[in-house]
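Next come the chains, spelled out residue by residue.
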Amino acid sequence: MKAELSNGQNYKVDSFNLDHTKVKAPYVRQAAEKEGPKGDIVTKFDVRFTQPNVEFLPQAGLHTLEHLIAEYIRDEIEGVIDFSPMGCRTGFYLTVFGKQEEKDIADKMVNVLTKVAAWPDDKPIPGAAPKECGNYREHDLKTAKEWAAKWIKGIAEKGYKCC
Ligand SMILES: [Zn+2]
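Here the structure is a predicted model, which means the values were calculated and not measured.

Draft legend 1. Representation of the environment of Y72. Examined against the element boundaries, Y72 turns out to sit in helix α1 (residues 59-76). Take Y72: there are 19 C-beta atoms within 10 Å of it, and that puts it in the partly exposed class. For the pair formed by Y72 and N111, sequence separation is 39 residues and the distance between their alpha carbons is 8.9 Å. Excluding its chain neighbours within four sequence positions, the residues that come into contact with Y72 are V112, K115 and V116.

Draft legend 2. Inspection of helix α3 (residues 141-158) at higher detail. Between its first and last C-alpha atoms α3 spans 26 Å; for 18 residues at 1.5 Å apiece the expected length is 26 Å, and the two agree. Listing the buried residues of α3 in full gives L141, A144, K145, W147, A148, W151 and I155. Across the axial projection of α3, the buried residues extend over an arc of 165°, all falling on one side. Away from its buried face, by an angle of more than 90 degrees, α3 presents the exposed residues K142, K153, A156, E157 and K158. Contacts made by the buried residues of α3 are with α1 and α2 (102-117). One or two steps after α3, the chain reaches G159, where phi turns positive at roughly 90°.

Draft legend 3. How the structure looks around the sheet that holds strand β3 (residues 80-85). Pairing is antiparallel across the open sheet formed by four strands, whose spatial order is β1-β2-β4-β3. Looking at the sheet topology across the chains shown, the edges are occupied by β1 (27-35) and β3. Neighbouring strand axes in the sheet, compared pairwise and without regard to direction, differ in orientation by 15° on average. Alignment of β1 against strand β2 (residues 41-48), held across eight bridges, turns out to be antiparallel. For Q30, the partnering residue across the bridge sits in β2 and is F45. Along the sheet, α2 contacts β1, β2 and β4 (91-97); its crossing angle with β1, the most-contacted strand, is approximately 125°.

Draft legend 4. Main features of α1. Spanning 18 residues, α1 covers 25 Å between terminal C-alpha atoms, matching the ideal 26 Å at 1.5 Å per step. The largest bend along α1 reaches roughly 35° and is located at A70. Of all the positions in α1, only G61, L62, H63, T64, L65, H67, L68, I69 and I73 are classed as buried.

Draft legend 5. Here's a closer look at the nonpolar core. Core analysis: the biggest nonpolar cluster contains 31 residues, and V28, L65 and V116 have the highest contact counts within it. Beyond its immediate sequence surroundings of up to four residues, V116 is in contact with L65, L68, I69, Y72, A144, K145 and A148.

Draft legend 6. Representation of the pairing of β4. For β2 and β4, the ladder comprises seven bridges, and the chain directions are antiparallel. Each bridged residue has a counterpart across the sheet, and for F45 the counterpart in β4 is L94. Strand direction decides the pairing type here: β3 and β4, joined by five bridges, are antiparallel. Considered in β4, the bridge of V80 is made with V96. Taking the residues that link successive antiparallel strands as the turn, the β3-β4 hairpin has five residues, and the phi of R89 there is positive, at about 60°.

Conventions we followed
Residues numbered from 1 in each chain as written. Predicted model: local features only at pLDDT ≥ 70, side-chain atom pairs only at ≥ 80, totals over all residues. Helix = DSSP H or I, 4+ residues; strand = E, 2+ residues; numbered from the N terminus. Buried ≥ 20, exposed ≤ 12 C-beta atoms within 10 Å, placed from the backbone. Contact = placed C-beta atoms within 7 Å. Expected span 1.5 Å × (residues − 1). Arc of directions from axis to C-beta. Pairing = 2+ DSSP bridges. Axes fitted to C-alpha atoms, helices over the stretch in contact; angles between N-to-C directions. Bend = angle between axes of the 7 residues up to and from the residue. Core = buried A, V, L, I, M, F, W, Y, C linked by C-beta atoms within 7 Å.

Shown next, in the form of structure tokens:
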């Protein structure tokens, strides 16, 4: 899975070493595990929603997914540091304290996204007021809920692995 530079070196950025043409979305993949100077372990996961270079999440739906997942993810997954969208809009990065397994993260993300998919249509999106969000007008609950359901269905059909 490692893509090498022409000089035989790997890229310094972990995700550039992933061959995006070989993965099968949706999936959960451990992207990195780092140890800090005081021995703390931090693990980063690639939580992919769409097939890279085939499909990508519409911006407003991605934004709402980010808000709704933020509402629930800390109830399910211990030691969450961050959950942020990828610039390519094909998924999110999840960063957590400690060593955690892809399968556990996938199982817990199913729980998170089940709640997201069940968000009532008439309930306000959390953190989506002008005081709380940097682009509060750009939200799309319907698309966010659709993609939450698609992720769950995809994982149930093919498993959580990327490749
Ligand atoms: Zn926002």
